[in-house]
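# Topology and contacts: notes
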Amino acid sequence: MHAPILAPSLLASDHAHLAAGTDTAAALGLAWVHIDIMDGHFVPNLTFGPQTVAALRPRSRLFFDVHLMLDQPHRYIEPFAKAGANLISVHIEPEYDHGATLARIRDLGCQNGLVLNPGTPATAIEPWLAHVDLVLVMTVQPGFGGQSFRQDMLPKLTQIDQWRRERKLAFRLEVDGGIDLVTGKACRAAGADTFAAGTAFFNAADRPGFARTVASW
Ligand code: DX5
Ligand code: ZN
């Protein structure tokens, strides 16, 4: 089982001072930061582009976990890789060449990830499990921070974790959406090892305590 990783989601940080968000994570000794890219088509919201990631890159040594919520993610792999992403995750739902895109991410020197929306069954990503570094299970409908965790996603985590064990695969299993110290712990018990947390982390009265608790799971 992988050690737990907390990936604070910059979506919930101060957008006028995004580098302060990465500094906050680094100061706590965290290794990852989660960066949400939205296109206003795949999800009804807009956030950052490659230029934002490139601007943050020289200011931070954190592992940039870049979550693309895009209708045409294959068109933006190279810009985000060049901008300094360490991991690029793409959704399974839109129509594009998933295999070629996952391979392209690795060719460009990044880790790859495959993401499922709450309404997408685990079987949709099952054929790709041997070809990914990370599976991201959305625990809210993507597009906005601050939504409530969907308890009904726990069996999906259990299923994917079971396939991982049976096939002796080593991809990480990440959860994203409504993750706090209670819901995250439930996800950990179901097999998750990587925790994107926006609102609960950045609004926490005791961020060091939040980080320490996740590390203890
Ligand atoms: C939602 C994003 C999440 C978001 C999570 O579409 O993918 O990464 O930042 O925010 P919270 O933790 O507030 O649910
Ligand atoms: Zn995300």
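Okay, so let's go over this structure. (Residues numbered from 1 in each chain as written. Chains lettered and ligands numbered in written order. Predicted model: local features only at pLDDT ≥ 70, side-chain atom pairs only at ≥ 80, totals over all residues. Heavy atoms only, no water.)

### Details of the pairing of strand S7 (residues 172–176)
- Counting buried positions along S7 yields 5 of 5 residues, so the element is predominantly enclosed.
- In S7, alternate side chains face the same way, and those of Arg-172, Glu-174 and Asp-176 on one face and Leu-173 and Val-175 on the other are all buried.
- Inspection of the sheet shows strand S6 (residues 134–138) paired to S7 by 5 bridges, in the parallel sense. Its bridge partner lying in S7, Leu-134 is registered against Arg-172.
- Running through helix H5 (residues 154–166), the crossover from S6 to the neighbouring parallel element S7 is right-handed.
- As paired strands, S7 and strand S8 (residues 194–197) are joined by 3 bridges and run parallel to one another. Bridging across to S8, Asp-176 finds its partner in Ala-196. (Buried < 20%, exposed > 50% of the residue type's maximum accessible area, 1.4 Å probe, protein only. Helix = DSSP H or I, 4+ residues; strand = E, 2+ residues; numbered from the N terminus. Pairing = 2+ DSSP bridges. Right-handed = clockwise from strand over helix to strand, strands pointing away.)

### Some points on the coordination of the zinc ion (ligand 2)
- Around the zinc ion (ligand 2), the protein supplies His-34 (NE2), Asp-36 (OD), His-67 (ND1) and Asp-176 (OD) as donor atoms, at distances of 2.0 to 2.3 Å.
- Donor residues binding the zinc ion (ligand 2) come from one chain and are separated in sequence as H-x1-D-x30-H-x108-D. One end of the pair, Asp-36, is in strand S2 (residues 32–38); the other, His-67, is in strand S3 (residues 63–69), and 31 residues separate them in sequence. For the pair Asp-36 and His-67, one class covers both residues: buried. (Donors = N, O, S within 2.8 Å, 3.2 Å for Na, K, Ca; no water.)

### Examining the nonpolar core
- If you look at the biggest cluster of nonpolar residues, it comprises 59 residues, and the most contacted ones within it are Val-135 and Ile-160.
- Excluding anything up to four places from it in sequence, Val-135 contacts Leu-114, Leu-116, Ile-125, Leu-129, Ile-160, Phe-171, Arg-172, Leu-173 and Glu-174. (Core = buried A, V, L, I, M, F, W, Y, C linked by side-chain atoms within 4.5 Å. Contact = heavy atoms within 4.5 Å.)

### Structural notes on the site of ligand 1
- Taken together, 19 residues lie near ligand 1, and Ser-9, Asp-36, Gly-143, Asp-176 and Thr-199 sit nearest.
- In the complex, the protein chains occlude 99% of the 380 Å² of accessible area that ligand 1 would expose alone.
- Here ligand 1 is seated within the largest pocket.
- Where the shell around ligand 1 is concerned, the elements lending two or more residues are S2 and S3.
- With 3 residues, S2 is the single largest residue contributor to the shell around ligand 1.
- Of the residues assigned to the shell around ligand 1, the class counts are 7 nonpolar, 10 polar and 2 charged. (Near = heavy atom within 4 Å. Areas by Shrake-Rupley, 256 points an atom, 1.4 Å probe, with all protein chains shown as cover. 1 Å grid on protein atoms, 1.4 Å probe; cavity = no way out; pocket = protein on both sides within 12 Å on 5 of 7 lines; lining within 4 Å. Sits in = over half its atoms within 2 Å of the grid points. Nonpolar A, V, L, I, M, F, W, Y, C, P; charged D, E, K, R; others polar.)

### Quick look at the layout of surface pockets
- Reported here for the largest pocket is a volume of approximately 270 Å³.
- As for the largest pocket, its lining consists of 26 residues, of which Gly-145, Gly-146, Asp-176, Gly-177 and Gly-178 are closest to the centre.
- Broken down by secondary-structure element, the contributors of at least two residues to the lining of the largest pocket are S2, S3, S8 and helix H7 (199–202).
- By residue class, the composition of the lining of the largest pocket is 13 nonpolar, 10 polar and 3 charged. (Points joined across faces, edges and corners; volume = space filled by probe spheres on them.)

### Description of the environment of Pro-79
- For Pro-79, the position within the fold is in helix H3 (residues 77–83).
- Placed 59 residues apart in sequence, Pro-79 and Met-138 show a C-alpha to C-alpha distance of 24 Å.

### Brief notes about the packing of aromatic side chains
- Overall, the coordinates contain 4 aromatic pairs when judged by the stated rule.
- A centroid spacing of 4.3 Å and a plane angle of 20° characterise the contact between Trp-32 and Phe-63, whose relative ring orientation is stacked. Here Phe-63 lies in strand S3 and Trp-32 lies in strand S2, a separation of 31 residues in the sequence. As far as the burial class goes, Trp-32 and Phe-63 line up, both buried.
- Measuring from ring centre to ring centre gives 5.0 Å for Phe-195 and Trp-217, while their planes differ by 75°; the resulting arrangement is edge-to-face. (Phe/Tyr/Trp six-rings, centres within 6.5 Å; stacked < 30°, edge-to-face > 60°.)

### Regarding the pairing of S2
- Burial of S2 is extensive: 7 of the 7 residues sit out of reach of the surface.
- Going residue by residue along S2, you find Trp-32, His-34, Asp-36 and Met-38 tucked away on one face and Val-33, Ile-35 and Ile-37 tucked away on the opposite face as well.
- As paired elements, S2 and S3 share 7 bridges and run parallel to each other. From the neighbouring strand, His-34 faces S3, where its bridge partner is Asp-65.

### Observations concerning helix H4 (residues 98–107)
- The complete set of buried residues in H4 reads His-98, Thr-101, Leu-102 and Ile-105. For H4, the angular spread of the buried residues around the axis is 100°, confining them to a single face.
- Capping the start of H4 is the job of one residue whose side-chain oxygen sits 3.3 Å from the backbone nitrogen of Gly-99: Asp-97.
- Following H4 by one or two positions, Gly-109 has its phi on the positive side, about 90°. (Arc of directions from axis to C-beta. Polar contact = N/O pair within 3.5 Å; in protein donor to acceptor, adjacent residues only side chain to side chain.)

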